[in-house]
Amino acid sequence: MDQGFMTKSTFGKLEKYLNQAENPLIESPYEKVLFEYLGRFETAFPRKQVPGFWFSLSRLFQSQVRSLKQKSAGLSHQDYYRIAQDKGGLSTVLAAYTALGPLTKNQYEFFYRSGGIFQVIDDLLDIKKDTNEGVKTVWTETIKNKKSFAGPIRELLAMESKIETDLDAMASDFADPEAFKKVYQFSFKLSLMRGLARQSQYLDAEAQALLKNRMSLSMSSLKQMLQPTPQKESNAPPGSDLWFMNQLMQMTETY
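Quick summary incoming for the structure in this document. The numbers attached to residues start from 1 for each chain and follow its sequence in the written order. Thresholds applied to this predicted model are a pLDDT of at least 70 for local features of residues and 80 or more for the giving and counting of side-chain atom pairs; totals over whole chains, interfaces and linings are not thresholded and use all residues. The side-chain figures draw on all heavy atoms in the structure; neither hydrogens nor water molecules are used.

### Topic: the packing of helix H4 (residues 77-100) against helix H5 (residues 105-125)
Now for step 1: One can describe the packing of H4 onto H5 by two numbers: an axis separation of 6 Å at closest approach and a directional angle of 125°. Here H4 is positioned oblique relative to H5, judged by the angle of their axes. You can see that H4 and H5 cross each other, and the crossing is right-handed.
Now for step 2: Residue composition of the contact of H4 with H5, grouped by class: 11 nonpolar, seven polar and four charged. Think of each axis as a best-fit line through the C-alpha atoms, taken over the contacting stretch in the case of a helix, with angles from 0 to 180 degrees between the N-to-C directions. Note on conventions: DSSP H or I runs of at least 4 residues are helices, E runs of at least 2 residues are strands, and numbering of each starts at the N terminus. Roughly parallel here means an angle under 35 degrees, roughly antiparallel means over 145, roughly perpendicular means 65 to 115, and every remaining angle is called oblique. Helix crossings get a hand from a simple test, with the near helix turned counterclockwise from the far one by less than a right angle marking a left-handed crossing and a clockwise turn marking a right-handed one. Residues are sorted three ways: Asp, Glu, Lys and Arg are charged, Ala, Val, Leu, Ile, Met, Phe, Trp, Tyr, Cys and Pro are nonpolar, and all the rest, Gly among them, are polar.

### Quick notes on the pattern of salt bridges
Here the idea is simple: oppositely charged side chains can pair when their charged atoms come close.
Now for step 1: Any Lys or Arg side-chain nitrogen located within 4 Å of an Asp or Glu carboxyl oxygen qualifies as a salt bridge. Within the structure shown, the criterion is met by 12 salt bridges.
Now for step 2: Glu 42 is the salt-bridge partner of Arg 47, the closest N and O atoms lying 2.9 Å from each other.
Now for step 3: The class for Arg 47 is partly exposed, based on a relative accessible area of 21%.
Now for step 4: Each residue is assigned to one of three classes by its accessible area relative to the maximum for its type, calculated with a 1.4 Å probe on protein chains only: buried under 20%, partly exposed between the two thresholds, exposed over 50%. The exposure class of Glu 42 is partly exposed, given its relative accessible area of 23%.
Now for step 5: Of the charged contacts in the structure, one is a salt bridge between Arg 113 and Glu 109, with a shortest N-O distance of 2.9 Å. Pair noted here: Arg 113 and Glu 109 are both in helix H5, with a separation of four residues, about one helical turn.
Now for step 6: Among the charged side chains, a salt-bridge network with shared partners connects Lys 13, Glu 27 and Glu 31.

So this is what it looks like as structure tokens:
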């Protein structure tokens, strides 16, 4: 949908398929691939047995339609977050279904809420691309209005703090809750620092003050690690940047 491959006809067929389970008349190779994939989902997640999957898929479709408005004027500040939450959250929920099978309520909530967080970070990484394509996000609008990144960073950290508050409960249904929590926490920090390192020219003193003692990696160390051929070191001392990276990889592999 973002790339404009979907015709108006295909769009209508998909909408009817998701909302009314109406089988379409296939008229293009694109439609053949699209509806064959949906057929696999029907087999793996029957609508009556796993309604959460189809509810999420239908909602994601609606969210994607709303996101097309990001190229037009008139979206409120909260609209950007609502779109990011649904696009990122529901995409992550559906990925979790395909990886894990049916989800519990706690697992669904975790993937939905954390997916929204990572979508906002993804928008941070995509500032240049979004600006070139005329896509409005909280980050591009902040730049356009010549405001500090402190505002969206503060809001992002507040979203993550709420997840941390409920993380024990949301992780309780996973096989290894503690490992799962650590993977999430490391991933959040690393993803955010990666985005901030790429957009460091927009970080004023106020924005940097919010991040002080909040992230495990320094900006200079992360920039060095993001080079195409980072130098590997072994036996890094506990608490160091390389120790942090090794912990992340080990926890991910363990989980």
